[in-house]
Amino acid sequence: MKFDPARIPDLSGKVFFVTGGTAGIGKETLLALAKHSPKGLYFTGRNSQRGAQIVADINASAPSITIVFLECDLESLESVKQAAEQFVSQSDRLDVLVCNAGVMNVPPALTKDGYEVHFGLNHLAHALFIKLLLPTLLRTAETPNADARVVSVTSQGYAMHPRGGILFDDLRTTQASSQLFVNYGQSKLANILYTAELARRYPQITAVSIHPGVVRTELVSTQSMFTRALIVVTNPFSRLTPQQGAYNTLWASTSDKDKIVNGAFYEPVGVPGRHMRQSRDDKLAAQLWEWSDKELEGYHLSAVASGGCRPPSARCRRMDTPHPSASSEVQRMPMPHLPASAGVHQTHTAPPDAGG
Ligand SMILES: NC(=O)c1ccc[n+]([C@@H]2O[C@H](COP(=O)([O-])OP(=O)(O)OC[C@H]3O[C@@H](n4cnc5c(N)ncnc54)[C@H](OP(=O)(O)O)[C@@H]3O)[C@@H](O)[C@H]2O)c1
């Protein structure tokens with residue numbers, strides 16, 4: 001399907017939350033959305049310099065949009081919780097959650113909470129965002145003409161998952177003996193399954209997973225020479241620019257709801273994705289949902305945050321009401337003051353350039 005970002009409909013009144021918005025596909029998603037007048041764009045990343053630059057760029061070109069950078073390390077569930085709390089204290093609605101941030105083929109490591117790094121970051125941190133932001137999505141879905149969505153950026157690389165799909169007994173190990181791409185594939189299979197299960201459990205919202213294509217971003221450029229060569233050889237004609245790499249996310253986030261099958265997996269752009277047995281395995285999806293639920297059972301929004309932010313809260317009005325001065329209308333979120341254990345800082349497990 002041909003996709004033209006210029007034809008994205010008017011997004012007035014809509015609020016988007018994009019994880020990993022400081023670079024690559026997430027950044028291009030934000031820049032494209034900003035051209036269609038959304039009410040709010042919230043995004044996460046670790047790199048506060050890049051975050052501030054994106055806020056400034058969007059502020060300059062679209063001063064009526066509330067644009068907020070939330071510093072967050074997805075290797076720490078506490079950091080995810082704090083970002084979610086900051087969001088719900090600022091916005092009383094969420095139209096589209098884009099679970100985009102990701103790492104690929106990083107050295108064997110555990111997240112701060114002790115999970116295999118790809119699984120902890122690419123899947124479990126996003127499962128926590130979904131859990132904590134679901135009440136806001138569901139509340140939004142009840143408003144007139146609402147169309148609340150979750151878009152998970154997975155990868156066709158899910159096909160490299162280990163035999164059996166997800167090795168639940170090993171998820172609290174580094175899985176260091178896995179072949180190249182296998183731990184990434186496991187986490188990306190989890191994205192497809194978890195999103196399908198979300199759609200089954202909460203049909204009031206639309207949840208889809210998408211493969212963006214093979215895209216020239218830091219995810220690829222920070223790979224070893226061998227891996228880059230492998231990517232080039234296996235995708236000789238289909239490497240996309242970061243702008244093109246955002247098309248499938250933009251399509252899933254903004255196209256007519258009746259063009260989208262809830263729970264489905266799409267390749268670029270809007271084409272039903274190729275499945276394998278495990279990516280259609282409803283039993284495995286339910287098992288993943290229950291496993292994730294159990295791992296995340298200690299994480300809840302604080303009472304203040306979960307009360308949401310509804311007028312006449314002064315803080316909420318300040319974020320939402322257009323300000324006479326264009327530059328001060330867009331606000332950058334103050335950095336959350338995380339305890340050292342919350343892992344704001346980049347760790348050795350991230351690829352050298354991904355954090356900027
Ligand atoms: N590029 C491709 O060819 C391709 C193909 C298939 C699927 N995908 C998927 O597309 C998504 C986006 O990838 P991309 O190519 O745009 O990658 P990218 O350019 O490397 O950007 C990754 C984003 O994730 C964030 N991130 C990484 N580690 C993080 C951490 N520990 N905590 C918080 N944020 C973190 C980065 O922000 P900070 O550095 O600021 O933390 C950055 O904004 C990923 O889920 C990837 O699996 C990409």
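Residues numbered from 1 in each chain as written. Predicted model: local features only at pLDDT ≥ 70, side-chain atom pairs only at ≥ 80, totals over all residues.

- Taking an unreviewed UniProt entry as the reference, the chain is identified by name as Oxidoreductase belonging to Mycena alexandri.
- Among the UniProt annotations of the chain, the heading Sequence similarities (unreviewed entry) holds the following wording: "Belongs to the short-chain dehydrogenases/reductases (SDR) family." (UniProt positions renumbered as here; feature names shortened; annotations may be inferred.)

### Quick word on the overall build of the chain
Move 1: The number of helices and strands found in the chain is 13 helices and 10 strands.
Move 2: Relative to its 356 residues, the chain shows a buried fraction of 47%. (Helix = DSSP H or I, 4+ residues; strand = E, 2+ residues; numbered from the N terminus. Buried ≥ 20, exposed ≤ 12 C-beta atoms within 10 Å, placed from the backbone.)

### Comments concerning the site of the ligand
Move 1: Taken together, 35 residues surround the ligand, and among them Gly20, Gly24, Gly45, Arg46 and Gly102 come closest.
Move 2: Elements represented by at least two residues in the shell around the ligand include exactly α1 (24–34), β7 (214–215) and α6 (218–221).
Move 3: For the shell around the ligand, the per-class residue count stands at 16 nonpolar, 14 polar and 5 charged. (Near = placed C-beta within 6 Å. Nonpolar A, V, L, I, M, F, W, Y, C, P; charged D, E, K, R; others polar.)

### As for the sheet that holds strand β2 (residues 40–45)
Move 1: With respect to topology, 8 strands assemble into an open sheet ordered β3-β2-β1-β4-β5-β6-β9-β10, the strand pairing being mixed. Unpaired on one side and paired on the other, β3 (66–71) and β10 (271–272) mark the two borders of the sheet.
Move 2: Here helix α3 (residues 77–90) sits on the sheet and contacts β1 (15–18), β2 and β3; the angle it forms with β3, its principal contact strand, is near 160°.
Move 3: Running at roughly 165° to strand β6 (residues 206–210), helix α5 (residues 182–201) makes contact with β5 (149–153), β6 and β9 (265–267) of the sheet. (Pairing = 2+ DSSP bridges. Contact = placed C-beta atoms within 7 Å. Axes fitted to C-alpha atoms, helices over the stretch in contact; angles between N-to-C directions.)

### Re the confidence of the model for the chain
Move 1: Here the chain shows a mean pLDDT of 87. Residues at 70 or above account for 86%.
Move 2: The model gives residues 308–356 a pLDDT under 50, and that stretch makes 93 contacts with residues more than four places away or in other chains. (pLDDT = per-residue confidence, 0-100.)

### A word on the environment of Gly273
Move 1: Among the structural elements, Gly273 can be located in the loop between β10 and α10 (282–295).
Move 2: For Gly273, a count of 19 C-beta atoms within 10 Å gives the class partly exposed.
Move 3: The spacing of Gly273 and Ile210 is 63 residues in sequence and 8.0 Å in space, taken between C-alpha atoms.
Move 4: Each residue touching Gly273, except ones within four places of it in the same chain, is listed here: His211, Phe265, Tyr266 and Glu267.

### Description of helix α9 (residues 247–254)
Since the α-helix packs 3.6 residues into each turn, any two residues three or four apart lie on the same face.
Move 1: Taking burial as the measure, the 8 residues of α9 include 8 buried ones, the bulk of the element.
Move 2: Listing the buried residues of α9 in full gives Tyr247, Asn248, Thr249, Leu250, Trp251, Ala252, Ser253 and Thr254.
Move 3: Contact partners of the buried residues in α9: α1, β4 (96–99), β5, β6, α8 (242–245) and β9.

### Quick word on the packing of α3 against helix α4 (residues 117–141)
Move 1: For the pair α3 and α4, the least separation of the axes is 9 Å and the interaxial angle reads 25°. In this view, α3 runs roughly parallel relative to α4, as classed from their interaxial angle. Of the two elements, α3 crosses α4, and the hand of that crossing is right-handed. Note on element contacts: α4 touches α3 through Ala125, Leu128, Phe129, Leu132, Leu133 and Thr136, opposite Leu77, Val80, Lys81, Ala84, Phe87 and Val88. (Parallel < 35°, antiparallel > 145°, perpendicular 65-115°, else oblique. Left-handed = near helix turned anticlockwise from the far one by under 90°.)

### Re unusual backbone geometry
Move 1: Pro268 connects to Val269 through a cis peptide bond whose omega is -20°.
Move 2: By the element assignment, Val269 lies in the loop between β9 and β10.
Move 3: Positioned with a positive phi, Asn105 is a non-glycine residue whose angle comes to about 55°.
Move 4: In this structure, Asn105 sits in the loop between β4 and α4.
Move 5: Located in the positive-phi region is Gln175, a residue other than glycine, with phi close to 50°.
Move 6: Here Gln175 lies in the loop between β5 and α5.

### Some thoughts on the nonpolar core
Move 1: Judged by nonpolar contacts, the single largest core of 88 residues is most densely connected at Leu41, Leu97, Phe129 and Leu133.
Move 2: Here this core takes 12 residues from α4, the largest share from any one element.
Move 3: Dropping the residues within four chain positions of it, Leu41 is found in contact with Phe16, Leu30, Leu33, Ala34, Ile58, Ile65 and Ile67. (Core = buried A, V, L, I, M, F, W, Y, C linked by C-beta atoms within 7 Å.)

### A look at α10
Move 1: Along its 14 residues, α10 runs 20 Å from first to last C-alpha, staying within 8% of the 20 Å computed at 1.5 Å per residue.
Move 2: Taken residue by residue, α10 has Leu284, Ala285, Leu288 and Ser292 as its buried positions. Taken around the axis of α10, the buried residues stretch over an arc of 100°, which confines them to a single face. Residues of α10 that are exposed and point over 90 degrees away from its buried face: Asp282, Lys283, Glu290, Asp293 and Lys294. (Expected span 1.5 Å × (residues − 1). Arc of directions from axis to C-beta.)

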